[in-house]
Amino acid sequence: MSGAATISRVCVIGAGVMGAGIAAQVANAGVPVLLLDVVRDPADRSAVARGAVERMLKTDPAPFMSKAAARLVETGNIEDDLAKVADCDWIIEAIVERLDLKQALYAKIEDHRHEGAIVSSNTSSIPLDRLVEGRSEGFRRNFLITHFFNPPRYMRLIELVSGTGSDPAQVARIADFADRALGKSVVRAKDTPGFIANRIGTFWIQAAMNAAFDLGVSVEEADAIAGRPMGVPKTGVFGLADLVGIDLLPHLKASLLATLPEDDPYRAIARDEGLIGRMIADGFTGRKGKGGFYRLSADGQRRKEVLDLASGEYRAAAKAPSLPGKAGSGDLAALLALPGKAGAYAWAVLGPTLAYAASLVPAIADDIAAVDAAMKLGYNWKWGPFELIDRIGADRLAARLEGEGKAVPDLLRLAGGRTFWRVEGWKRQFLGLDGDYHDLVRPEGVLLLDDIKLAGAPVMKSGSAVLWDAGDGVLVLEFTGKMNALDGEVMALIGKAIPLVAARHKALVVYNEGSNFSAGANLGLALFALNIAAWGEVEKLVVAGQQAYKALKYAPFPVVSAPSGLALGGGCEILLHSDAIQAHAESYIGLVECGVGLVPGWGGCGEMIDRWRKNPAMPKGPMPAVSKVFETISTATVAKSAAEAKELGFLRPTDGVTMNRDRLLADAKARALQLAEGYVPPEPPQFRLPGPSGKAALMMAVEGFRARGLATPYDEVVAARLADVLTGGEADPVDVVSEEDMLGLEHRAFMALVRDPRSLARVEHMLETGKPLRN
Ligand code: NAI
C-alpha cells in the first residue's frame, strides 16, 4: 500500500455505544482519532465525547487495549471542532439512526473534508442512496457504509457496503485499513435492509422465540437445543436477547419491517409477543435491566431463575436437557430426528432460518461464502447457514420443506445432491450461483493452519501436540490437548521436533487456532498426581518442561511463538523462551501459578528477570528488575491485551503485534524466516541477583499487603518461595547466578509448594470453580 493511501488520522462523529467503541478500536490500532458529539452543556461543550472516553476507561471488558491507546483520542464537539475533519482521512458517522440528522451532518462535513477523505456511515438500516441524497458527486464517490458490530473491539465483523458511485480504490483502501489496522474481517454486503448478519439473525431470533411459545418449549430447553448443538454460543437465543438487551428487539423488527420487500418471509413471522412488551415496559430488559429471560434470584442466594413463558413468572431454572448421542454434538440430522418436542423445536428453528438464508443469495451478498462468514463473525456461530445446510444435507432440507408445502429456495435446488462446501485439490471450495465450485480465496497475507491441514498429513504427532509443515522451511507446533493444556506429551514432541527442524527446516512457529493459545499445564492431571502423592511424576514433568523449553531456546534455529487468547502459566513460559513473539492483539498473557499456590516452574522466573533487566526503561542494578517481576508474578497479573503484555514485560519492545487474527500465522512465519537468515542462538544469561537482603525487602511489601487484608496467610508463604527464586536464593549480590542455578531454585520452590495441602486445595478449587481460592 502506498504511503498516500494510508489512513493516518480518523474522525468519529457520535460518541454513543458504537461511535465511542469504534474510536477506541482506531486508537488501539495506534492511529490518532478525533471523537465528536453534540454540545449538551454550553458551559462544558465537549462533555459528551469526553464523558464517553472516561466511561470507556472504566468499562469491562475494556474497549481500550491500553491506557496509552486512550491518549490517542482527542475529544470535541461538532459546533466548535468540525473544521478539524479537514485533517482526517476517514470520517466515520455513528450518530443516531435518523436520516434527516445524518443528511444534515453530511452537508456540513462536505464543507470541511479534504478531497481524498472517505466518509462512511455506521447505519444499521438506512439505504446508502438515501444517505447521500443532495450530496455532490465527489462526496458520493468517497462515501460508503461500514457497519461495525457491538462491541467494536471484540466483534470481528465489519459489513462493508459501497454505492454505485463509490470509487473502488477508496473502498479497497478502507477495506484494507479495517482488515490490517483494525483487525476486522471485512465482508462485502449489498445495500439491502439489515445487510447480511442482522437480516438473517433477526429472522433466526424471531423464529426461535415464536417456536418456543408455540410448542410450549421452556427458555432453558430452547437454549439447550438451539445453542451448542447447532454451533451457536451457549446463550442460545433467549440468553442472547438478555445479553444484547431485550428492548433492542422491537427496534430491529421495526427497522426491518419499514424497509423489507412486501413479500419477505420475515413479515409472516414478525409478531409482538405480549409478554416481551410487558417485560420491556417493566424494565426487564435483560442483563442491563432488572432481569430478562434469565435472572439471578433476589434472595441473596443468586440462584439461576428463568421466566416461564406461559405464566410470565420467574421460577428456578431446571437442569438443561441433555440431548442423546450425536444430536448434542453437531450432528444436525440426528438433532432434527429426535422424537418429541426437541426434534420439533430444532426443525422449527433451523428449517425456516436456513431456507430464508438460502433464499437471500444473491440479493444480500454475491456468494454463500460472504453469508457464512458474516454469521460466524457477527453472531459467533460456529458454522454459517450453508455449512449448517451441509450438515443436514441440502436435498434432505429441500425434501422436508417440500413435504411441508413450503417454498424451496432456488439455491437448494441448484445444489441438488451436492454440498455447498467441499475440499478439492487441497483447497476449500464453495458452490457458486453458476452451479460450479470456486476456490475460497484468502486475502493476501492470510494463512490458516486450518487450510494447511487440508494439504496433507502432519509431520509428527503425539497425544497432545502436532507438527505441521507451513511451507518455506517453517514447521508449526500445534497444541491439541483439552483446552490446549500442556503435559509430558507436548514436551516429548518438542524433544523430537528439534533435531528434525535442525536437520531439514529453517524455523519453528508455535501456534494454534484454538480460542486460547494455552491455559498452561494440565491441572487435572497435576491434581490426580498430587492426590496420590505421586511426587516423582510431578517432578519428572517439571524437569521435562524446563529441559524442553531451554532446548527450544538454544536450538540452532529460530522459534517464534504466536499466541491469541489466553497464554497462561506454562503457556506463557513457552512464549518467554522464544526468540520472538508475534502476538495477536487479543492475547491475554500471564504467569498465574501463585493463584494455585505454585511458582512458575518451567523457566519463567529467570526469563522474566532477563527481559526486564534488558529493558531500556529499567534502572540499573539487581533489584529493580526483580521487584518488577515479583510484583507481576506474585499477584498472578494477566495482561488483558498484547499492548498490556508489553507494559508488563511478557513481550519485549521488539515483539510484534498482529491486529487481525487471520494474519497471525503469516506474520509469525515471516518473522521466523527473517530471523533464520544468519541465525545464532542466544548466549545463556548470567544473573546478578540481590540475595537474602533483596528477599527481605520484597517480603516487607507482602507483609504490608497482609496487614491490610490484601494478602492471605498462604499468599505470604507462596510469595516467600517466589522471592527466594527471584532474588537468587542464598546468592551474594556480587556472585554470578547461572540459568541452571535459577532452574534449580525454581524446581526446589515448586516441589516444596506442591507438597503443601494448601496448594492442593487451591488447585482443586480452581478446577472446580475456575476461580482462585483465597486461603
Ligand atoms: P447511541 O444512541 O448510543 O449514540 C448516538 C450518539 O450520537 C449520541 O451520543 C448522540 O448524542 C450523538 N448524536 C446525535 N445526533 C448527533 C449529531 N447531529 N452530531 C453529533 N452527534 C450526534 O447510538 P448507537 O447505538 O451508538 O448507534 C449509532 C449508529 O450506529 C446508528 O446509526 C445505529 O443504527 C448504528 N449501529 C448500532 C449498533 C448497536 O448495537 N447499538 C450496531 C451497529 C450499528
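Predicted model, so just to flag it, every value in this text is computed and none were measured.

K.L.:
Explain the overall build of the protein chain here, please?
P.N.:
For the protein chain, the helix and strand inventory stands at 32 helices and 25 strands. Over its C-alpha atoms the protein chain spans a radius of gyration of 28 Å, differing by no more than 12% from the 28 Å that the globule rule assigns to 775 residues. Considered along the principal axes of its C-alpha atoms, the protein chain spans approximately 85 × 65 × 60 Å. Across the 775 residues that make up the protein chain, the buried fraction comes to 54%. For the protein chain, long-range pairs separated by at least 24 residues make up 70% of all intrachain contacts whose partners lie at least 6 apart in sequence. Counting 86 positive and 94 negative side-chain charges, the protein chain places the averaged centre of each group 2 Å from the other.

K.L.:
Explain the sheet that holds strand β10 (residues 304-307) here, please?
P.N.:
Backbone hydrogen bonds hold the strands of a sheet together, and the pairing may be parallel or antiparallel. Taken in spatial order, the three strands of this open sheet run β9-β10-β11, and their pairing is antiparallel. The strands lining the two open edges of the sheet, one partner per strand, are β9 (294-296) and β11 (314-316). Across the sheet, the mean angle separating the axes of adjacent strands is 40 degrees when strand polarity is ignored. Here three bridges tie β10 to β11, and the two strands are oriented antiparallel to one another. By the bridge assignment, Val 306 is partnered in β11 with Arg 315.

K.L.:
Please explain helix α4 (residues 99-112) as it appears in this structure.
P.N.:
Along its 14 residues, α4 runs 20 Å from first to last C-alpha, staying within 8% of the 20 Å computed at 1.5 Å per residue. Listing the buried residues of α4 in full gives Lys 102, Leu 105, Tyr 106 and Ile 109. All buried residues of α4 lie within an arc of 105 degrees about the axis, which places them on one face of the element. Packing partners of the buried residues in α4 comprise β1 (10-13), β4 (90-93), β5 (118-121), α5 (128-131), α6 (137-141) and β6 (143-148).

K.L.:
Is there a simple way to explain the nonpolar core in this structure?
P.N.:
Side chains that are nonpolar tend, in soluble globular proteins, to be buried together. Counting 114 residues, the largest nonpolar core has Ile 196, Met 230, Phe 293, Tyr 345, Phe 386, Leu 412 and Phe 420 as its most contacted members. Residue-level mapping places this core at the junction of two domains, with at least three residues from each of domain 1 (4-188) and domain 2 (197-418). Cys 594, Val 596, Leu 722 and Val 737 belong to the second largest nonpolar core, which has 82 residues in total.

K.L.:
Looking at this structure, I do not really get the site of the ligand. What am I missing?
P.N.:
Around the ligand, 21 residues are found, and the nearest of them are Asp 37, Arg 40, Glu 97, Lys 102 and Ser 124. In the model, an oxygen atom of the ligand is placed 3.3 Å from a nitrogen or oxygen of the Ile 95 main chain. Side-chain polar atom of Ser 124 to an oxygen atom of the ligand: 2.6 Å apart, as the coordinates give it. Contributions of two or more residues to the shell around the ligand are made by α1 (17-28) and β6. Classifying every residue of the shell around the ligand by side-chain character gives ten nonpolar, seven polar and four charged.

K.L.:
Even after reading the chapter, I still don't get the packing of helix α26 (residues 622-634) against helix α29 (residues 691-707), so can you show me in this structure?
P.N.:
Two numbers describe a pair of packed helices, the interaxial angle and the distance between the axes. Relative to each other, α26 and α29 sit at 35 degrees, their axes nearing to 11 Å. The two elements α26 and α29 cross, and the hand of that crossing is right-handed. For the pair α26 and α29, the contacting residues are Met 623, Val 626, Ser 627 and Phe 630 in the first and Gly 694, Ala 697, Leu 698 and Val 702 in the second. Class assignment of the residues belonging to the contact of α26 with α29 gives a composition of six nonpolar, two polar and no charged.

K.L.:
I keep staring at unusual backbone geometry and nothing clicks. Help me out?
P.N.:
With the exception of glycine, most residues fall at negative phi, and the peptide bonds are largely trans. The residue after Asp 60, namely Pro 61, is reached through a cis peptide bond having omega 0 degrees. One can find Pro 61 in the loop between α2 (47-56) and α3 (67-70). The peptide bond linking Val 361 to Pro 362 adopts the cis configuration, its omega dihedral lying at 15 degrees. For Met 483, which is not glycine, the phi torsion reads 55 degrees and is therefore positive. Within the secondary structure, Met 483 sits in the loop between β17 (474-479) and α21 (488-504). Residue Met 483 is classed as exposed on the basis of its relative accessible area of 58%.

K.L.:
Could you clarify how one ought to interpret the UniProt feature "domain: 3-hydroxyacyl-CoA dehydrogenase C-terminal" (unreviewed entry) in the protein chain in this entry?
P.N.:
Summarizing the sequence annotation, UniProt attributes the feature "domain: 3-hydroxyacyl-CoA dehydrogenase C-terminal" (unreviewed entry) to residues 194-295 and 349-402 in the numbering used throughout. Secondary structure content for residues 194-295 is 57% helix and 2% strand, while the C-alpha to C-alpha distance between its ends is 30 Å.

K.L.:
When you look at the pattern of salt bridges in this model, what are you seeing that I'm missing?
P.N.:
A side chain with one charge can pair with a side chain of the opposite charge if their charged atoms come near. One pass over the full model with this rule turns up 50 salt bridges. Between Glu 97 and Lys 102 there is a salt bridge, with the nearest N and O atoms lying 3.5 Å from each other. Residue Glu 97 is classed as partly exposed on the basis of its relative accessible area, which comes to 34%. Accessibility expressed as a relative area gives 1% for Lys 102, which makes it buried. Residues Lys 550 and Glu 607 are paired through a salt bridge, measuring 2.7 Å at the closest nitrogen-oxygen approach. Taken together, the residues Lys 550 in helix α23 (residues 535-554) and Glu 607 in helix α25 (residues 604-614) connect sequence positions 57 residues apart.

K.L.:
Which parts of the structure should I look at to understand the environment of Phe 64?
P.N.:
Secondary-structure assignment places Phe 64 in the loop between α2 and α3. The sequence separation of Phe 64 and Leu 598 amounts to 534 residues, and the corresponding C-alpha distance is 31 Å. Setting aside anything within four residues of it in sequence, one finds Phe 64 in contact with Ala 24, Ala 27, Asn 28, Val 53, Met 56, Leu 57, Ala 69, Ala 70, Val 73 and Arg 153.

K.L.:
Mind showing me how you'd approach the environment of Ile 246 here?
P.N.:
Structurally, Ile 246 can be placed in the loop between α10 (238-244) and α11 (248-259). With relative accessibility at 0%, the residue Ile 246 sits in the buried group. Remark: the alpha-carbon pair of Ile 246 and Tyr 345, spanning 99 residues in sequence, is separated by 22 Å. The contacts of Ile 246, once residues within four sequence positions are left out, are Ala 241, Ile 276, Met 279, Ile 280, Phe 284, Thr 285, Gly 286, Gly 292 and Phe 293.

K.L.:
Help me understand the packing of aromatic side chains, please; the structure alone is not making it clear to me.
P.N.:
Geometrically, a pair of aromatic rings is defined through the distance of the ring centres and the angle of the planes. As enumerated under the stated definition, the model contains 13 aromatic pairs in all. Considering the side-chain rings of Trp 204 and Trp 381, the 5.0 Å spacing of their centres and the 75 degrees angle between planes classify their relative orientation as edge-to-face. Separated by 177 residues along the polypeptide, Trp 204 in helix α8 (residues 197-215) and Trp 381 in the loop between α16 (368-378) and α17 (385-392) bring together distant segments of the chain. Pair check on accessibility: Trp 204 and Trp 381 agree, each one buried. Considering the side-chain rings of Phe 479 and Phe 517, the 5.4 Å spacing of their centres and the 65 degrees angle between planes classify their relative orientation as edge-to-face. Of this pair, Phe 479 sits in strand β17 while Phe 517 sits in the loop between β18 (507-510) and α22 (523-531), placing them 38 residues apart in sequence. Against the face of Trp 383 rests Arg 391, its NZ or CZ located 3.8 Å from the ring centre. Sitting over the ring of Trp 347, Arg 400 keeps its end group 4.1 Å from the ring centre.

K.L.:
Please clarify how the sheet that holds strand β13 (residues 427-431) should be interpreted in this entry.
P.N.:
Taking strand neighbours across the sheet as the criterion, the three strands line up as β12-β13-β14 in an open arrangement whose pairing is antiparallel. Looking at which strands have only one partner, the edges of the open sheet turn out to be β12 (421-424) and β14 (437-439). Neighbouring strand axes in the sheet, compared pairwise and without regard to direction, differ in orientation by 40 degrees on average. Examined bridge by bridge, β13 and β14 share three bridges and lie antiparallel to one another. By the bridge assignment, Gln 429 is partnered in β14 with Asp 439.

K.L.:
Before we go on, may I ask you to explain the pairing of β5 in this structure?
P.N.:
Looking along a regular strand, one sees the side chains alternate between the two faces of the sheet. Burial along β5 is two-sided: the face carrying Ile 118 and Ser 120 and the face carrying Val 119 and Ser 121 are both buried. In this structure, β4 lies alongside β5, joined through four bridges in parallel fashion. Its bridge partner lying in β5, Glu 93 is registered against Ser 121. In this fold, β4 hands off to α4, which returns the chain to β5; that crossover is right-handed. Judged from the three bridges that link them, β5 and β6 form a sheet pairing that is parallel. From the neighbouring strand, Ser 121 faces β6, where its bridge partner is Ile 145.

Thresholds applied
Residues numbered from 1 in each chain as written. Predicted model: local features only at pLDDT ≥ 70, side-chain atom pairs only at ≥ 80, totals over all residues. Heavy atoms only, no water. Helix = DSSP H or I, 4+ residues; strand = E, 2+ residues; numbered from the N terminus. Rg over C-alpha atoms; globule rule 2.2 N^0.38 Å. Buried < 20%, exposed > 50% of the residue type's maximum accessible area, 1.4 Å probe, protein only. Contact = heavy atoms within 4.5 Å. Lys, Arg positive; Asp, Glu negative; His and termini not counted. Charge placed at Lys NZ, Arg CZ, Asp CG, Glu CD. Pairing = 2+ DSSP bridges. Axes fitted to C-alpha atoms, helices over the stretch in contact; angles between N-to-C directions. Expected span 1.5 Å × (residues − 1). Arc of directions from axis to C-beta. Core = buried A, V, L, I, M, F, W, Y, C linked by side-chain atoms within 4.5 Å. Domains from an automatic or database assignment. Near = heavy atom within 4 Å. Polar contact = N/O pair within 3.5 Å; in protein donor to acceptor, adjacent residues only side chain to side chain. Nonpolar A, V, L, I, M, F, W, Y, C, P; charged D, E, K, R; others polar. Left-handed = near helix turned anticlockwise from the far one by under 90°. UniProt positions renumbered as here; feature names shortened; annotations may be inferred. Salt bridge = Lys/Arg side-chain N within 4 Å of Asp/Glu carboxyl O. Phe/Tyr/Trp six-rings, centres within 6.5 Å; stacked < 30°, edge-to-face > 60°. Lys NZ or Arg CZ within 6 Å of the ring centre and 35° of its normal. Right-handed = clockwise from strand over helix to strand, strands pointing away.

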